[in-house]
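# Overview (structure and organization)
Here are the chains, one letter per residue:
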Amino acid sequence: METSRRTVIAAAAAGLTAATIGTAHASGGRKPVRELFGRLADGTKIHRWSLENGGTRLKVLSYGGIVQSLEIPDRHGRYENVSLGFDNIEDYVAKTPYFGALIGRYGNRIAKGQFTLDGTSHQLSVNDGVNSLHGGAKGFDKNIWDVEGFTSGSDVGLVLHYTSIDGEMGYPGTLRAKVTYTLTRHGDWRIDYEATTDKATVVNLTSHVYWNLAGEGSGSVYDHELEIPASRYTPVDSGLIPNGELAKVAGTPFDFRRTKTVGRDIRVAHQQLLYGKGIDHNWVLDKGITAKPEHVATLRDPSSGRTLRIASNEPGLQFYSGNFLDGTLVGTGGHIYRQGDALCLETQHFPDSPNHPSFPSTVLRPGQTYRTSTVHSFGT
């Protein structure tokens, strides 16, 4: 039986003090607080915003809109940071594999960094072999966002703005992006994405948090239990570009329709797992595109009891099993990150959609507003 969120918060109350940034009151929290996190090589200040509500603690950087830490309690009310990251800006600039970042203009890969829109060909920044990944060499994750804190009723949050000029990383049109991070009184973390453009373009925004519900730096997530309500996925070639097929998950290691551990089938001799050195694939969600966020995944750590439920109106979910964490990165807790020490669950449209007319469209035109939302709910 799932423990009440309020019960867990009450159990943890003794560990929370008035000095804590934000509050742990289930009825609401204070306005987020800003502090200096570091400086870029040119002296530009990078700030960290701290907010707390409903028992969830969140810290966000103005650099890349990065979630630097996200703390939630276990079944005994003990808090851990469940997202991978660094304790300094230098590592985020030099080393990060998109830890906690806002991703844009286009989440995941575009083949050879090329697409054609309305008869015009566009060449994007190529930064993943011959392909473009997560917006190119300087995507949204490597730019500074304007950030404002807010309170609204019992909610607290941040509004982040970034304007991507026409031609940035090869994308057409000036794209004005607005992303809102909200912590609700129940401790849910909601992300609302919006964007407008002055020329036809493509856009696919997402968040790249690396989850380990046992706590960052605690070891492998292969014993986490995962459920994804998707009957199909998009197989890839050796460059991790979708081949256009919507393949059935039945009888493959990609079948998570019934809850199973992340690691149960991850070493099965399947060509798709060989291509990704593990799982790095897009699931075609059974629900499709929806008007409001609907269930797309449940992740649970049996050892702590922590549970993450994700809802979104997006049609796809990229599940990445941390295959390229290679023991060269030291995280916020002073531990080395190794393969499988976290996983990503990125709500999105499909990779390489601009080159696959049969995939849901990612085209945004002047006069339209791109809108999508994802909600992360935590419990035990």
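This text goes with the structure placed above it.
Residues numbered from 1 in each chain as written. Predicted model: local features only at pLDDT ≥ 70, side-chain atom pairs only at ≥ 80, totals over all residues. Heavy atoms only, no water.

### A closer look at the overall build of the protein
- Scanning the protein for helices and strands turns up 3 helices and 29 strands.
- Over its C-alpha trace the protein gives a radius of gyration of 20 Å, about what one expects of a compact globule, namely 21 Å for 380 residues.
- The burial tally for the protein puts 60% of its 380 residues in the buried class.
- Surface exposure of the protein reaches about 14900 Å², of which carbon and sulfur atoms provide 48%.
- Averaged over its 39 positive side-chain charges, the protein has a centre that lies 3 Å from the centre of its 39 negative ones. (Helix = DSSP H or I, 4+ residues; strand = E, 2+ residues; numbered from the N terminus. Rg over C-alpha atoms; globule rule 2.2 N^0.38 Å. Buried < 20%, exposed > 50% of the residue type's maximum accessible area, 1.4 Å probe, protein only. Areas by Shrake-Rupley, 256 points an atom, 1.4 Å probe, with all protein chains shown as cover. Lys, Arg positive; Asp, Glu negative; His and termini not counted. Charge placed at Lys NZ, Arg CZ, Asp CG, Glu CD.)

### What to know about empty space enclosed by the protein
- Considering all chains together, one arrives at 3 cavities of 30 Å³ or more under this definition.
- Each pocket or cavity is described by its volume, and for the largest cavity that value is around 70 Å³.
- Lining the largest cavity, in full, are W189, I191, Y193, T206, S207, V209, W211, L345, T347, T374 and H376.
- Of all the secondary-structure elements, those providing two or more residues to the lining of the largest cavity are β14 (189-197), β16 (206-208), β27 (344-348) and β29 (370-379). (1 Å grid on protein atoms, 1.4 Å probe; cavity = no way out; pocket = protein on both sides within 12 Å on 5 of 7 lines; lining within 4 Å. Points joined across faces, edges and corners; volume = space filled by probe spheres on them.)

### Describing the sheet that holds strand β21 (residues 280-284)
- Within the open sheet, the 5 strands sit side by side as β19-β18-β21-β24-β27. Their pairing is antiparallel. For this open sheet the edge positions go to β19 (247-248) and β27, each flanked by a neighbour on one side alone.
- Examined bridge by bridge, strand β24 (residues 316-320) and β27 share 5 bridges and lie antiparallel to one another. Along β27, the bridge assignment pairs L317 with T347. (Pairing = 2+ DSSP bridges.)

### Points about the pattern of salt bridges
- Applying the stated criterion across every chain yields a total of 15 salt bridges.
- The residue D166 makes a salt bridge to K199 at a minimum N-O spacing of 2.7 Å. Taken as a pair, D166 in the loop between β12 (155-164) and β13 (175-183) and K199 in the loop between β14 and β15 (201-202) lie far apart in primary sequence, 33 residues in all.
- In this structure, R257 engages D255 in a salt bridge whose closest nitrogen and oxygen atoms are separated by 2.9 Å.
- For R257, a relative accessible area of 38% gives the class partly exposed.
- Each of the salt bridges in this network shares a partner with another, and the network as a whole consists of E52, R57 and E71. (Salt bridge = Lys/Arg side-chain N within 4 Å of Asp/Glu carboxyl O.)

### Here we look at the environment of L175
- Tracing the chain through its elements places L175 in strand β13.
- By relative accessible area, which is 0% here, L175 ends up buried.
- It is 5.7 Å that separates the C-alpha atoms of L175 and T196, two residues lying 21 residues apart in sequence.
- Excluding anything up to four places from it in sequence, L175 contacts R105, F140, Y162, T163, S164, A195, T196, T197, T201, V203 and L364. (Contact = heavy atoms within 4.5 Å.)

### Topic: the packing of aromatic side chains
- All told, the structure shown has 21 aromatic pairs when counted by the stated rule.
- Measuring from centroid to centroid gives 5.6 Å for F99 and Y337, while their planes differ by 90°, and the two rings are edge-to-face. Taken together, the residues span a long stretch of sequence, with F99 in the loop between α2 (89-94) and β6 (101-103) and Y337 in strand β26 (residues 336-337) at a distance of 238 residues. Per residue, the accessibility class of F99 equals that of Y337, and both read buried. (Phe/Tyr/Trp six-rings, centres within 6.5 Å; stacked < 30°, edge-to-face > 60°.)

### Topic: the sheet that holds strand β3 (residues 56-61)
- Strand order in the open sheet formed by 5 strands is β1-β2-β3-β4-β5, and the pairing between neighbours is antiparallel. Both edges of this open sheet fall to β1 (33-39) and β5 (79-81), since each of them pairs with a single strand only. For this sheet, the mean angle separating the axes of adjacent strands, direction not counted, is 20°.
- Both strand β4 (residues 67-73) and β5 contribute to a ladder of 3 bridges, which runs antiparallel. Looking at the pairing, P73 lines up with Y79 of β5. (Axes fitted to C-alpha atoms, helices over the stretch in contact; angles between N-to-C directions.)

### Quick notes on the pairing of β12
- With 7 of 10 residues buried, β12 lies mostly within the body of the structure.
- The pairing of strand β11 (residues 146-152) with β12 spans 7 bridges and is classified as antiparallel. Note on β12: the bridge partner recorded for E148 is V159.

### Let's talk about the nonpolar core
- Y181, W189, W211, I228 and F319 are the most contacted members of the largest nonpolar core, which totals 58 residues.
- Among the elements that line this core, the one with the most residues is β13, at 5 residues.
- Each residue touching F319, except ones within four places of it in the same chain, is listed here: L226, I228, F256, V262, I279, D280, H281, W283, L343, C344 and L345.
- Core analysis: the next-biggest nonpolar cluster, separate from the first, contains 22 residues, F37, I89, A101 and L329 among them. (Core = buried A, V, L, I, M, F, W, Y, C linked by side-chain atoms within 4.5 Å.)

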